[in-house]
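Here is what each chain is made of, one letter per residue.
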Amino acid sequence: HLVESGGGLVQAGDSLTLSCAASGHTFSNYAVGWFRQPPGKAREFVASVSWAGGTKAYADFVQGRFTVSRDNSKSTATLLMNSLRPDDTAVYVCAARPISRTGVSGRNYLDYDYWGKGTLVTVSS
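Residues numbered from 1 in each chain as written. Predicted model: local features only at pLDDT ≥ 70, side-chain atom pairs only at ≥ 80, totals over all residues. Heavy atoms only, no water.

## With respect to the side chain of Ser48
Summarising the element assignment, Ser48 is placed in strand E5 (residues 44–49). Filtering out sequence-adjacent residues up to four positions away, Ser48 remains in contact with Val32, Gly33, Thr55, Lys56, Ala57, Val68, Gly106 and Tyr112. (Helix = DSSP H or I, 4+ residues; strand = E, 2+ residues; numbered from the N terminus. Contact = heavy atoms within 4.5 Å.)

## Considering the pairing of E5
The two faces of a sheet get side chains in turn, since along a regular strand they alternate between them. Taken across its six residues, E5 has five buried, putting it largely inside the fold. Where strand E4 (residues 30–37) and E5 come together, five bridges link them in antiparallel fashion. Its bridge partner being in E5, Trp34 is matched across the sheet by Ala47. Between E4 and E5, which pair antiparallel and follow one another directly, the connecting turn spans six residues, one of which, Gly40, has a positive phi of 75°. Across three bridges, the pairing between E5 and strand E6 (residues 56–58) is antiparallel. Residue Ser48 lies in a different strand from E6, and its bridge partner there is Ala57. Where E5 hands over to E6, the hairpin turn is made up of six residues, of which Gly53 adopts a positive phi near 85°. (Buried < 20%, exposed > 50% of the residue type's maximum accessible area, 1.4 Å probe, protein only. Pairing = 2+ DSSP bridges.)

## Some words on the nonpolar core
Trp34, Val46, Phe66, Leu79, Met81 and Tyr92 are the most contacted members of the largest nonpolar core, which has 33 residues in total. Looking at this core, the elements with two or more residues in it are strand E3 (16–22), E4, E5, strand E7 (66–71), strand E8 (76–81), strand E9 (90–98) and strand E11 (119–124). Per-element tally for this core: the top contributor is E9, with five residues. When neighbours within four sequence positions are excluded, Phe66 is seen to be in contact with Arg36, Val46, Tyr58, Phe61, Leu79, Leu80, Met81, Asn82, Leu84, Asp88 and Tyr92. (Core = buried A, V, L, I, M, F, W, Y, C linked by side-chain atoms within 4.5 Å.)

## Quick word on unusual backbone geometry
Of note, Gln63 is a non-glycine position whose phi angle comes to about 50°, a positive value. With a phi close to 50°, Ser75 is a non-glycine residue in the positive phi region. Along the chain, the position of Ser75 falls in the loop between E7 and E8.

## Regarding the pattern of salt bridges
Taken as a whole and assessed by the stated rule, the structure comprises five salt bridges. Note that Asp113 is salt-bridged to Arg101, the shortest N-O span being 2.7 Å. Of this pair, Asp113 sits in the loop between E9 and strand E10 (114–115) while Arg101 sits in the loop between E9 and E10, and the two are 12 residues apart along the sequence. Connected via shared salt-bridge partners are Arg36, Glu44, Arg65 and Asp88. (Salt bridge = Lys/Arg side-chain N within 4 Å of Asp/Glu carboxyl O.)

In short, shape yes, function no, at least from these values alone.
Right, here's the structure in full:
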């Protein structure tokens, strides 16, 4: 069970921190990915973090603005988003995949088994 929080309406250039709270499973047994779906567009990969937090990956459009992290002691993953732009407007969703699933990039939504419902981020110009 994954629940996102932290979305909202901000202005271009502002920052937001999204959180993904997990329950029902041992969080450290799962890698976490963040995806987003802009209005009228397809879902796209944003970032991912390995089960221990040591390996992180980002979409090219992040361009150093976002930082993904996790705290296994709190069963929480976080996406810190800086320098937000209007084209970052989207529903942001976190997802989890078991560490037993190897040989995947973590950049494809098919790599993940569990999904939250998402939190809306709106960036005004």
